[in-house]
Amino acid sequence: MDTNNASAALRELARQVADKARECRKIAVLTGAGVSAESGIPTFREAQTGLWERYDPVMLASVDGFRADPANVWKWYDERRQTMSKSRPNPGHEALATWEKLVKGQGGAFTVITQNIDNLHRQAGSESIIEMHGNIWYVRPVDAPFNEAFLLDECPLVEIPPRDERGRMLRPHVVWFGEMLDPDNLEAAFSLAVQAELFLSIGTSTAVYPAAALPFEAKRRGAVVVEINPHETELTRFADFSLAAPSGVALPLILDQLRADGA
Ligand code: BJW
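For the structure given in this document, a descriptive report is provided here. (Residues numbered from 1 in each chain as written. Predicted model: local features only at pLDDT ≥ 70, side-chain atom pairs only at ≥ 80, totals over all residues. Heavy atoms only, no water.)

Turning our attention to the sheet that holds strand β4 (residues 134-141). Read from one edge to the other, the open sheet built from three strands follows the order β5-β4-β6, with strand pairing classed as antiparallel. Two strands in the sheet have a free side with no partner beyond their single neighbour: β5 (150-151) and β6 (170-174). (Pairing = 2+ DSSP bridges. Helix = DSSP H or I, 4+ residues; strand = E, 2+ residues; numbered from the N terminus.)

All right, on to the site of the ligand then. Every one of the 34 residues lining the ligand counts as a neighbour, but R45, Y77, R80, G178 and S205 are closest to it. Between the ligand and the protein, one listed contact pairs an oxygen atom with a side-chain N or O atom of Y77 at 2.5 Å. Residue G203 places a main-chain N or O atom 3.2 Å away from an oxygen atom belonging to the ligand. Contact with the protein chains hides 77% of the accessible area of the ligand, taken as 1500 Å² for the molecule alone. Put simply, the parts of the chain that give the shell around the ligand at least two residues each are α2 (34-37) and α6 (70-86). Split into classes, the residues belonging to the shell around the ligand amount to 17 nonpolar, twelve polar and five charged. When residues of the shell around the ligand are assigned to domains, at least three map to each of domain 1 (3-40 + 88-133 + 180-260) and domain 2 (50-86 + 137-174). (Near = heavy atom within 4 Å. Polar contact = N/O pair within 3.5 Å; in protein donor to acceptor, adjacent residues only side chain to side chain. Areas by Shrake-Rupley, 256 points an atom, 1.4 Å probe, with all protein chains shown as cover. Nonpolar A, V, L, I, M, F, W, Y, C, P; charged D, E, K, R; others polar. Domains from an automatic or database assignment.)

Okay, the side chain of D164 next. Structurally, D164 can be placed in the loop between β5 and β6. Residue D164 is classed as buried on the basis of its relative accessible area of 9%. A distance of 2.9 Å separates a polar atom in the side chain of D164 from the backbone nitrogen of R166. If we ignore the near neighbours within four places in the chain, the residues touching D164 are P141, F150 and L170. (Buried < 20%, exposed > 50% of the residue type's maximum accessible area, 1.4 Å probe, protein only. Contact = heavy atoms within 4.5 Å.)

Moving on, we come to the packing of aromatic side chains. For the coordinates displayed, the defined rule picks out eight aromatic pairs. Each residue in the set F44, W52, Y55, F66, W76, Y77 and W176 is aromatic and connected to the rest through ring pairs, giving one cluster. We note R80 situated over the ring of W76; from NZ or CZ to the ring centre the distance is 4.2 Å. (Phe/Tyr/Trp six-rings, centres within 6.5 Å; stacked < 30°, edge-to-face > 60°. Lys NZ or Arg CZ within 6 Å of the ring centre and 35° of its normal.)

Moving on: the nonpolar core. If you look at the biggest cluster of nonpolar residues, it comprises 32 residues, and the most contacted ones within it are I27, W99, L198, L200, I228, L243 and I254. Sorting the residues of this core by element identifies α1 (8-22), β1 (26-31), α7 (91-105), β2 (109-114), β7 (198-202), β8 (224-228), β9 (241-243) and α11 (247-260) as the ones contributing at least two each. Considering each element in turn, this core owes the most residues, seven residues, to α11. Once residues within four sequence positions are removed from consideration, I254 is found in contact with A14, V17, A18, W99, I228 and L243. Counting 22 residues, the second largest nonpolar core, distinct from the first, contains W76, I136, V139 and W176. (Core = buried A, V, L, I, M, F, W, Y, C linked by side-chain atoms within 4.5 Å.)

Pasting the structure below:
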């Protein structure tokens, strides 16, 4: 579906969201794997196409899995790095970056809180970004704190598992199941959610905590909550607006409305 084929109902919802957005100075956006689906990066939990259909999350996205077989986990990340290196931002990423500029140009605040590790929001031009689950292009020595992360953009990797110059084994700078998130990121994300006047939850199954708590927290503190997702989630019935469409279609429609009205 492209924006030309969007239904009248979707266009009307986009218009209503744009009307509401115009009244809001503090906007926070939570994104998940669905935002990057149209860039060719598989999501996690979708039937048939999701990564967890083919891979065991306990073995590949947990510390225990990494300890048991670091090379196996690194092979999976190396494959995903190769896929992501060929992926480009799609119209959904681009619309968010443009929306941020519009809002900031008027003195407002606009932040993308992403669960994605693929760097595509930054590539699209978003500037205020919180990467809750890390970044696939960064690594750190096993057992080292978050602030020891550094860029390792060699792709594909020559050595698996990779090591630093002191011979220490490196791990992807991402957050696995059972691991704490970077406390600074977590605090910043919740602070944005409680202050937001408009909170958008886009392309996420709203199934993985603590990120999944953010839209509910925003709603509890009075934000208007918008969900963009072709499928229903736990959030859908709590959302003030639910746009059942791909983000690469729905976000440009909202942006068109904002621009048309000179926002
Ligand atoms: C489209 C679309 C299109 C398709 N347009 N949409 C309660 C409270 C707190 C914690 C827990 C709790 N219960 C359980 C926990 C523990 C656990 C958890 O949440 N488990 C759940 C499965 C229940 N959480 C954790 O372990 C977290 N740590 C933590 O809580 O620490 C404290 C603690 C420690 C010990 C014990 C207890 C607490 C860490 C979570 C880390 C998640 N890591 C991963 C991997 C990251 C690295 C990597 O990518 O390799 O993060 S797992 C995976 O899920 C990845 C994602 O960021 C995350 C969320 O997935 P997402 O983005 O929502 O993707 P999908 O596939 O689920 O959904 C895609 C959606 O897009 C779908 O809805 C589609 O319909 C839609 N879509 N195309 C728009 N074009």
